[in-house]
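Letter by letter, the chains look like this.
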Amino acid sequence: MPDSVARLGPTLNTKLFDEDVEQVAIRTGFGEGLVCAGESDPRVVVLCGDLTESAQALPFKKKFPDRFVELGVAEQNMASVASGMAAMGKIPFITSYAMFSPGRNWEQIRTTICYNNRPVKIGGSHAGVSVGPDGGTHQAIEDIAITRVVPRMIVICPCDSIEARKATVAAATTGTPVYLRLARNKTAVITTEDTPFEIGRAQVVWKSDAPKVGLVACGALVHKALLAAKTLQENGVEVEVVNLATVKPIDSDAIVALARKAKRIVTIEEHQIYGGMGSAVAECLAKNYPVPMHFVGVDDRFGQSGTPEELIEHYGMGRDAIVNAAHEVMAR
Amino acid sequence: MLLTPHEKLSLEKTANEIRESIIEMLVEAGSGHTAGPLGMADVFTVLYFHTLRQDPKNPGWDGRDRLVLSNGHICPVLYATMAYAGYFPREELNTLRKFGSRLQGHPHREFLPALETSSGPLGEGLSQAVGMAIADKMDGQDGNRRIYCLMSDGELDEGQSWEAAMLGGKQALHNLVALIDRNNIQIDGFTEQVMPLEPLADKWRAWNWHVLEIDGHNVEAIASAFDEAKSVYERPTMIIAHTIPGKGVPEFERDFHWHGKPPDAEQARMALSELRTLGRKIESEAE
């Protein structure tokens, strides 16, 4: 077994460093998860705003046509209608693009879902600049900030399609509002069926006994963080990588344990640096165990058209950017 | 006749007493909205004392009709009517807007669980009521209980109102009855100057709603409108209730300045005196 694979969490996909690693869109896992959740609980219903196929409600619609509602292009209405359905005992999932839900309908989510304490689940697809050619209007890079700030909201940013499926199934059972942050395009499958998933539990995906830097990543960039870890290791720099799939509630124990061990932290997310997952980690560490940090993310800019890879590189979130951030934080 | 003379008198007297309580609450609170609550006292009274299937001693009863108040700022009339209906002691009304009170400045169901929704931000109630009605249709409960939504005219400026209107029509929600408090005022002035809504009834008909227009101070008209809605099987019902903001206190009536302020002590004394005179008139006319 190559050393890089030996460092991986025991249940992860051992082919994740290969060129031909299996690629599946995170949103696809969400669509599968909706069906699983619907099978295990008849209260689960799905609402859609004219994006049935793209936002991955189609498999559920086919399986449970009587528990599917098409609302047209009306995300504000969708959030509040879901609140009303939850008031009557349903577990509604609202599905759209993250830019519009929870983007456009934020106040409806705050008031009619969270303030009202209704267990509505928000599936926001097309999060991040990796949406690609559609351009900046459709690339939600503020959604973690605006959801994690609302009381009662659980915020989950799965790292791959399998984790997205598990997170969707788990979201149906919380009795609370949940935001599921999903990406559009195909990305590497990192986890396996055996990888444990629990809301609120971070996971070490690359181990080290004596790390110089701790990398905390979420979403598809967990794969980039692992690629960076491999490069760093090849250059003699020990790191440990944590997948922080649940941004809220944050797994303080895991974050503090990593900071104690590594004394340096780099956060990696496909989101604005201001207010995102890195900010959540910084809040946690500033209070509990302050260490030097560096933030890999979008630096107060909007997205644009391009291929996903071009955009990840352009906005400084690729493997090399993560490697550089690790070196920078080590120099402090 | 839907109401006996005794029932009609009783509703009118109760509505007038609720108006008195609204004045007392507002002057005690020192802030809040006056015109809307006074204008809607008759509609609330008919709902809570004639129309709604409810059990005030068991507010969580699953078979109850659901009432969603969309324009949460008129909650003094909601709270007062609920107290008169027996949901909580009337003495509690003087805690309105105070720290620790169950009667929050805008309704919050976490503080007062008998409320169906928390509300205040405008244009969101009808969507929630539509969601409730859709869920009940899915579950075959649409014949067993009804969803009511009370709205203001001013909040129709919110685009979300019309998103909900379209969906309600599309889903043919016969178990949904909404009522607009058509009092023609909003904070900045008269609705037709701030943002014209007419032809209002036509707009709802265009979205395939069954539309009724009534005098919102005639308890018989209100009761029969809610009754007629029960016989509409293909579409949701919208009742446009023409009301007088500040109804019952001539100095407050039709003046949009009373939308968002409470009476001071002297104004409250005057208002209560006028409402008591009105109460005696209601009784004497019935004799």
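Cut-offs applied
Within each chain, residues carry numbers counting from 1 in the order of the written sequence. Each chain takes a letter, starting from A, and each ligand takes a number, starting from 1, following the order in which they are written. Under the rules for a predicted model, residues below a pLDDT of 70 receive no local features and side-chain atom pairs below 80 are neither given nor counted, while totals for whole chains, interfaces and linings still include all residues. Think of it this way: any DSSP run of H or I at least four residues long counts as a helix, any run of E at least two long counts as a strand, and we number them from the N terminus. Atoms counted for the radius of gyration: C-alpha only. Globule rule: 2.2 Å times residue count to the power 0.38. Counting other C-beta atoms within 10 Å of a residue's C-beta gives its exposure: the residue is buried at 20 or more, exposed at 12 or fewer, and partly exposed in between, where C-beta atoms are placed from the backbone. Here, residue contact means that the backbone-derived C-beta atoms of the two residues sit within 7 Å. Each residue receives one of three labels: charged for Asp, Glu, Lys and Arg, nonpolar for Ala, Val, Leu, Ile, Met, Phe, Trp, Tyr, Cys and Pro, and polar for the others, Gly being one of them. Strand pairing is assigned whenever DSSP identifies at least 2 bridges connecting the two strands. A crossover gets the label right-handed when its path from the first strand over the helix to the second runs clockwise, viewed with the strands pointing away from the viewer. Fitted lines through C-alpha atoms give the axes, limited to the stretch in contact for helices. The angle between two N-to-C directions lies from 0 to 180 degrees. Should an angle lie under 35 degrees it is considered roughly parallel, over 145 roughly antiparallel, and from 65 to 115 roughly perpendicular; all remaining angles are considered oblique. An automatic or database domain assignment supplies the residue ranges for each domain.

## Describing the overall build of chain B
Logical step 1: Along chain B, the regular secondary structure elements total 10 helices and seven strands.
Logical step 2: The C-alpha atoms of chain B give 18 Å as radius of gyration, which agrees with the globular expectation for 287 residues (19 Å, within 12%).
Logical step 3: Taking all 287 residues of chain B together, the buried fraction comes to 52%.

## Considering unusual backbone geometry
All names here are of chain A.
Logical step 1: Here the bond from Ser101 into Pro102 is cis, since omega is 25 degrees, no more than 30 degrees from zero.
Logical step 2: Within the secondary structure, Pro102 is located in helix α5 (residues 99-104).
Logical step 3: Looking along the chain, the bond that leaves Lys248 and enters Pro249 is cis, with omega of -5 degrees.
Logical step 4: Within the secondary structure, Pro249 sits in the loop between β12 (246-248) and α10 (252-262).

## Observations concerning the environment of A:Val24
All names here are of chain A.
Logical step 1: With respect to the helices and strands, Val24 occurs in strand β1 (residues 23-25).
Logical step 2: Using a count of 17 C-beta atoms within 10 Å as the deciding quantity, one classes Val24 as partly exposed.
Logical step 3: On a C-alpha basis, the gap between Val24 and Ser161 in space is 6.1 Å, while along the polypeptide they are 137 residues apart.
Logical step 4: Beyond its immediate sequence surroundings of up to four residues, Val24 is in contact with Ser161, Lys186 and Val189.

## Concerning the interface of chain A and chain B
Logical step 1: Taken together, the contact between chain A and chain B spans 24 residues of the former and 22 residues of the latter.
Logical step 2: The set of elements that each furnish at least two residues to the side of chain A that touches chain B consists of α4 (75-87) and α6 (106-115) of chain A.
Logical step 3: Element by element, the count of residues in the side of chain A that touches chain B is highest for α4(A), at nine residues.
Logical step 4: In terms of residue class, the side of chain A that touches chain B is made up of nine nonpolar, 11 polar and four charged.

## A look at the pairing of strand β2 (residues 147-152) of chain B
Residues and elements named next belong to chain B.
Logical step 1: With six of its six residues buried, β2 lies for the most part within the structure.
Logical step 2: The two faces of β2 match: Ile147, Cys149 and Met151 on one face and Tyr148, Leu150 and Ser152 on the other face are all buried.
Logical step 3: Judged from the six bridges that link them, β2 and strand β3 (residues 176-182) form a sheet pairing that is parallel. Bridging across to β3, Met151 finds its partner in Ile180.
Logical step 4: Note on the crossover from β2 through helix α6 (residues 159-170) to β3: the handedness is right-handed.

## With respect to the packing of α4(A) against α6(A)
Residue and element names in this part refer to chain A.
Logical step 1: Axis separation between α4 and α6 bottoms out at 9 Å; the angle between their running directions is 5 degrees. It follows that α4 is roughly parallel to α6 by the angle criterion. Across the interface between the two elements, Gln76, Ala79, Ser80 and Ser83 from α4 touch Gln108, Ile109, Thr112 and Ile113 from α6.
Logical step 2: Split by residue class, the contact of α4 with α6 holds three nonpolar, five polar and no charged.

## A short note on the sheet that holds strand β9 (residues 203-206) of chain A
All names here are of chain A.
Logical step 1: The five strands lie next to each other as β9-β11-β10-β13-β14, forming an open sheet whose pairing is mixed. Each edge of the sheet is formed by a strand with only one pairing partner; in this case those strands are β9 and β14 (293-298). Strand-to-strand twist in this sheet, taken as the mean axis angle between neighbours without regard to direction, amounts to 25 degrees.
Logical step 2: Here four bridges tie strand β10 (residues 213-217) to strand β13 (residues 265-272), and the two strands are oriented parallel to one another.

## Quick word on the sheet that holds β2(B)
Strand-to-strand pairing in sheets goes through backbone hydrogen bonds, with the strands running parallel or antiparallel.
All names here are of chain B.
Logical step 1: Read across the open sheet, the five strands follow the order β1-β2-β3-β7-β6; overall the sheet is parallel. Each end of this open sheet is capped by a strand with a single partner; those strands are β1 (66-69) and β6 (210-215). Across the sheet, the mean angle from the axis of one strand to that of its neighbour is 20 degrees, orientation sign disregarded.
Logical step 2: Bridge count between β6 and strand β7 (residues 237-242): six bridges; the pairing is parallel.

## Some points on the pairing of β1(B)
All names here are of chain B.
Logical step 1: Alternating positions in β1 separate into two faces, Arg66 and Val68 on one and Leu67 and Leu69 on the other, with burial throughout.
Logical step 2: Of the pairings in the sheet, the one linking β1 to β2 comprises four bridges and is parallel in character. Opposite Leu67, over in β2, you have Tyr148 as the bridge partner.

## Concerning the domain arrangement of chain A
Residues and elements named next belong to chain A.
Logical step 1: For chain A, the domain assignment lists domain 1 (3-21 + 196-330) and domain 2 (23-188).
Logical step 2: In this structure, domain 1 and domain 2 have C-alpha centres spaced 24 Å apart.
Logical step 3: Facing the 34 residues of domain 1 at the interface are 32 residues of domain 2.
Logical step 4: Those elements that place two or more of their residues in the side of domain 1 that touches domain 2 are α9 (221-234), β12, β13, α11 (277-288) and α12 (308-314).

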